[in-house]
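So you can see what is in the structure, the chains are spelled out below.
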Amino acid sequence: MDKDFNYIFHLSHIDLDGYGCQYLTSQVFDNINFYNANYGAEVTQRLEEIIDDIKNQKSEEFKPLILITDLNLTTKEAGKLEKEAIKLGAKLLLLDHHATGKNADEKFAWYNLDTTKCATLITYNWLQNSFDFDKEGNFSKIVEAINAIDIWVDDSKYFDYGRVLLGMISGAREVNRVVFAAEDREYKFKLIDSAKKILDNYPLEDAPIELDDRLHFIKKEFFKGIKNDTKDNLVATFVTNILTKNKDKMKITYNGKVGILTYSTGNTSLIGNNFLLENEDFDFYMDVNSRGGFSLRSNNKVDVSKMAELIGNGGGHPNASGGKIENYKDYFVYSKLRDSIQEYLDSKE
């Protein structure tokens, strides 16, 4: 393809293969923004987010490429995206292996479908052919392992290692990917990179067990700060630090009280209490899940049992309560979620 671009907006799937594609492009390009989506409405919202981000670029020298990997588009989705890209002067490239994209592949020149390989291997080949990436083959083993498990090549010598990789990424849920997208992606890149090093340095027959044995420590190493602790406490501190850093843009208000909004973050009591103790200018902590259920925490500044009753027919204790938002609409872009929840809270005052 034409390589006349200087900034990449890379959207990929949320499994091992999807993150594998982005792990590779992160090795090649400095000017790159990453986005991830599952299928359905999230793909549409992420593409809209990319379009908005491109529109916000002001430089006359800006030449964007929208790169999509391990996700297939319908002909309608692809046609809409192509029209937007033309308006913005953006180039398009899609690298995928799902046969359901056959119609779009036949219609759009920028749509590249290869059902014989996983998307990570397709991306690897593109980077090698177009940018002379990895002439020494240093990434070939990890790519082959991802390929073996993603398209189920069970006679591959890398298949058993790929099975451990698959569980490693699917089980990496400590950091919420909607609220903390960059940190979650960095975490998964770290896991893949650590797995690559084990595969490079241990006999192939020993590598799956070595990765499986070391995975807990690899995870703890990512979250570890000044001192060691249990993984749950390390994760809670890690997330609390992110919240504190971003609290101004995550702020919500209700009846004159200031809170922070998270999404399906988990460990609500531990993280909520940690945050409120470290940020005395905040009165409550609110976590919403994909079905509109919410948890509230306070530190004796708000009776969240009354708040839960008023905003969601809920209840509980003065410092720990929950409920459900009426007519909840889910969002995959945090800023849109926050705006929607704030509008809802305003309507309940």
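So, here is what we can say about the structure in this document.

About the cut-offs
- Per chain, residues are indexed from 1 in the order of the written sequence.
- Given that the model is predicted, a residue must reach a pLDDT of at least 70 before its local features are reported, and side-chain atom pairs must reach 80 or more before they are shown or counted; all residues, however, enter totals for whole chains, interfaces and linings.
- Heavy atoms throughout the structure, all of them, feed into the side-chain values; hydrogens and water do not.
- Salt bridges are defined as contacts in which a side-chain nitrogen from Lys or Arg sits within 4 Å of a carboxyl oxygen from Asp or Glu.
- A run of H or I in DSSP counts as a helix once it spans at least four residues, and a run of E counts as a strand once it spans at least two, with each numbered from the N terminus.
- Only protein chains enter the accessibility calculation, which uses a 1.4 Å probe; a residue whose area is less than 20% of its type maximum is buried, one above 50% is exposed, and one in between is partly exposed.
- Only buried residues count toward a nonpolar core, which is a set of Ala, Val, Leu, Ile, Met, Phe, Trp, Tyr and Cys residues joined through side-chain atoms within 4.5 Å.
- We call two residues contacting when some pair of their heavy atoms lies within 4.5 Å.
- Two strands make a pair as long as DSSP finds a minimum of two bridges between them.
- To get an axis, fit a line to the C-alpha atoms, keeping to the stretch in contact for a helix; angles then go from 0 to 180 degrees between the N-to-C directions.
- When the sulfur atoms of two cysteines come within 2.5 Å, that pair is taken as a disulfide.
- Given the number of residues in a helix, its expected span is that number minus one, multiplied by 1.5 Å.
- Patch definition: residues with relative accessible area over 30% and no salt bridge; like charges joined within 9 Å; nonpolar side chains (Val, Leu, Ile, Met, Phe, Trp, Tyr) joined within 5 Å.
- Where accessible areas are quoted, they stem from the Shrake-Rupley method and a 1.4 Å probe; at the residue level, only the protein chains shown are allowed to cover.
- Charge counting follows a simple rule: Lys and Arg are positive, Asp and Glu are negative, and His as well as the terminal groups are ignored.
- To locate a charge, take NZ of a lysine, CZ of an arginine, CG of an aspartate or CD of a glutamate.
- Throughout, the ten residues Ala, Val, Leu, Ile, Met, Phe, Trp, Tyr, Cys and Pro are labelled nonpolar, Asp, Glu, Lys and Arg are labelled charged, and all others, Gly among them, are labelled polar.

We now examine the pattern of salt bridges. Going through the model one piece at a time under the given rule, you end up with 17 salt bridges. Residue Glu174 pairs with Lys219 through a salt bridge whose shortest N-O separation is 3.3 Å. In this pair, Glu174 is assigned in the loop between helix H7 (159–170) and helix H8 (181–201) and Lys219 in helix H9 (residues 207–223), connecting sequence segments 45 residues apart. Like Glu174, the residue Lys219 is buried in the burial classification.

This brings us to the nonpolar core. Counting residues in hydrophobic clusters, the biggest one holds 89 residues, and the most contacted among them are Ile142, Tyr161, Leu165 and Met286. Beyond its immediate sequence surroundings of up to four residues, Ile142 is in contact with Tyr161, Leu165, Ile192, Ala195, Lys196 and Leu199. Ile51, Leu94, Trp110 and Tyr111 belong to the second-largest nonpolar core, a separate cluster that totals 25 residues.

So, on to the sheet that holds strand E4 (residues 91–96). One open sheet accounts for five strands, arranged E2-E1-E3-E4-E5; its pairing is parallel. The open sheet has two edge strands, strand E2 (32–36) and strand E5 (111–113), and neither has a second partner. Along the sheet, successive strands turn relative to each other by an average axial angle of 15 degrees, direction set aside. Across the face of the sheet, helix H5 (residues 119–131) comes into contact with strand E3 (64–69) and E4 while running at roughly 130 degrees to E4.

Working definition: the covalent bond between the sulfur atoms of two cysteines is a disulfide. Under the defined criterion, the tally for this structure stands at zero disulfides. Cys21 carries a free sulfur, and the closest cysteine sulfur to it, the one in Cys118, is 6.9 Å from it. Taking relative accessible area as the criterion, Cys118 reaches 0% and is therefore assigned buried.

On to H5, then. Over its 13 residues, H5 runs 17 Å from end to end, which matches the ideal 18 Å to within 8%, given 1.5 Å per residue. For H5, the set of buried residues is Ala119, Thr120, Leu121, Ile122, Thr123, Tyr124, Trp126, Leu127 and Ser130. Buried residues belonging to H5 abut helix H1 (16–28), E3, E4 and helix H6 (140–150). Asp132, located one to two residues past H5, shows a positive phi value of around 55 degrees.

With that out of the way, let us pick up the sheet that holds strand E9 (residues 293–298). Strands in a sheet are paired, the pairing made by backbone hydrogen bonds, and the direction either parallel or antiparallel. Here we have six strands laid out as an open sheet, ordered E6-E7-E8-E9-E11-E10, and mixed in their pairing. In the strand order of this sheet, the two ends are held by strand E6 (251–254) and strand E10 (315–317), each with one partner. For this sheet the average axis-to-axis angle between neighbouring strands, irrespective of direction, equals 25 degrees. Across the sheet, helix H13 (residues 334–347) touches E6, strand E7 (257–263), strand E8 (284–288) and strand E11 (320–324), and the angle it forms with E6 is around 10 degrees.

Further remarks concern a positive patch on the surface. On the surface, Lys55, Lys83, Lys87 and Lys107 cluster together into a patch of positive charge. Residue placement: Lys83 occurs in helix H3 (residues 75–88).

Relative to each other, H5 and H6 sit at 145 degrees, their axes nearing to 8 Å. Taking contact as the criterion, the partners of Thr120, Leu121 and Tyr124 in H5 are, on H6, Ser140, Val143, Ile146 and Asn147. For the contact of H5 with H6, the per-class residue count stands at four nonpolar, three polar and no charged.

Examined against the element boundaries, Leu310 turns out to sit in helix H12 (residues 304–312). When the C-alpha positions of Leu310 and Ile341 are compared, they lie 14 Å apart, and in sequence the two are 31 residues distant.

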